[in-house]
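# Architecture at a glance
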Amino acid sequence: MKIRLISIIVAILALSLAAGSGCNGVLTDIEPGSTFNYNLTGALVQDPNRDSSIVIVKLQRDDADYVIAKMNFGGDVLLFSPLKYGFDSVFSGSKSRSPGYSATQMNLIMDDFPFLTDTAFVNVVSSFSIDTTSVTPATRIIQGTGTVSFIWTPSVNTEGYVIVAVKADSAYKGQGYSSFLDFGTTQGTIPADAFVLPVTSDPDTGLYNLYVYSISGSPDSAMTALLLPTPLPTQYADNIADGKFTGHFGSIEVSLLDTIRVVISP
């Protein structure tokens, strides 16, 4: 289910007159209704491997970073930072994965009173796990080149999964293999080219971490690139489209990792 957006547009006419003996009066007139265009991007990333639950949001007003609005997710105030998680001018919040955010619908509120207040309803996906008995090859060793297959338990509220393989020492560094699988799929195969050296067919030996991401909505791929073991394979389409308020946001849950080792065949 895509993020459903309900707009609560607050438009007022404010008239302020400051005057005093010997002073000129100053008149400020705020026209009714918002004349600004807002764009919001971001994601919720919950990762038990790091015991973290992170919300990150970037807001622009008329194509410029906008930092004055108030942001709230699931009742938690998101704090503004000039530089956070490698991005300029973002709002964010973090806590441990336990309790984190449960698999339910959360409110993401953008409040730029008196111009515009808008609420996005975000479906948070649940925790889930790779079935450790399903990993093939069962030895967890690839001799030369080969594929890896495994299954996982379902995740509540998901719209699809991403399967991931990355060198253990390269996780959370913007590297690795990832591929999106359609909703309803709870098994996948990582191809042999995920375990070879670039522009060659030679095995890239070493220990690899395996993950699955459960995804709902449209999380921002750039903003989550270093929050995830491996970046998302693509940027999904905008899912916020409510007149002057547009953008995309989504929820990601990372499974606990499993491993595979690539070795040179004797």
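Further up the page is the structure itself.
A few points on the structure. (Residues numbered from 1 in each chain as written. Predicted model: local features only at pLDDT ≥ 70, side-chain atom pairs only at ≥ 80, totals over all residues. Heavy atoms only, no water.)

## Description of the packing of aromatic side chains
Counted according to the given criterion, the structure contains 10 aromatic pairs. Taken together, the aromatic side chains of Phe 128, Phe 150, Trp 152 and Tyr 161 make up a single cluster linked through ring pairs. The aromatic ring of Tyr 172 is capped on one face by Arg 50, whose charged end is 3.6 Å from the ring centroid. Residue placement shows Lys 84 over the ring face of Tyr 85; its charged tip is 5.4 Å from the ring centre. (Phe/Tyr/Trp six-rings, centres within 6.5 Å; stacked < 30°, edge-to-face > 60°. Lys NZ or Arg CZ within 6 Å of the ring centre and 35° of its normal.)

## Brief notes about the pattern of salt bridges
Tallied over the full model, the rule gives 6 salt bridges. In this structure, Lys 58 and Asp 65 form a salt bridge, with 3.3 Å as the shortest nitrogen-oxygen distance. Note that Asp 76 is salt-bridged to Lys 95, the shortest N-O span being 2.9 Å. Linking Asp 76 in strand 8 (residues 76-84) with Lys 95 in strand 9 (residues 87-95), this pair joins segments that are 19 residues apart in sequence. (Salt bridge = Lys/Arg side-chain N within 4 Å of Asp/Glu carboxyl O. Helix = DSSP H or I, 4+ residues; strand = E, 2+ residues; numbered from the N terminus.)

## Looking at the pairing of strand 9
As judged from the 5 bridges shared by strand 5 (residues 52-61) and strand 9, these two strands associate in the antiparallel manner. Opposite Ile 54, over in strand 9, you have Ser 94 as the bridge partner. Joining the antiparallel neighbours strand 8 and strand 9 is a turn of 2 residues, in which Tyr 85 adopts a positive phi near 55°. (Pairing = 2+ DSSP bridges.)

## Considerations on the environment of Ser 155
Tracing the backbone through its elements, the reader meets Ser 155 in the loop between strand 13 (148-151) and strand 14 (160-167). Take Ser 155: its relative accessible area is 7%, and that puts it in the buried class. Residues Ser 155 and Ser 126, 29 residues apart in the sequence, show an inter-C-alpha distance of 5.3 Å. Non-local contacts of Ser 155, meaning those with residues more than four positions away in its chain, are made with Val 125, Ser 126, Phe 128, Tyr 161 and Ser 214. Only 2.9 Å separates the side chain of Ser 155 from the side chain of Ser 214, close enough to count as a polar contact. (Buried < 20%, exposed > 50% of the residue type's maximum accessible area, 1.4 Å probe, protein only. Contact = heavy atoms within 4.5 Å. Polar contact = N/O pair within 3.5 Å; in protein donor to acceptor, adjacent residues only side chain to side chain.)

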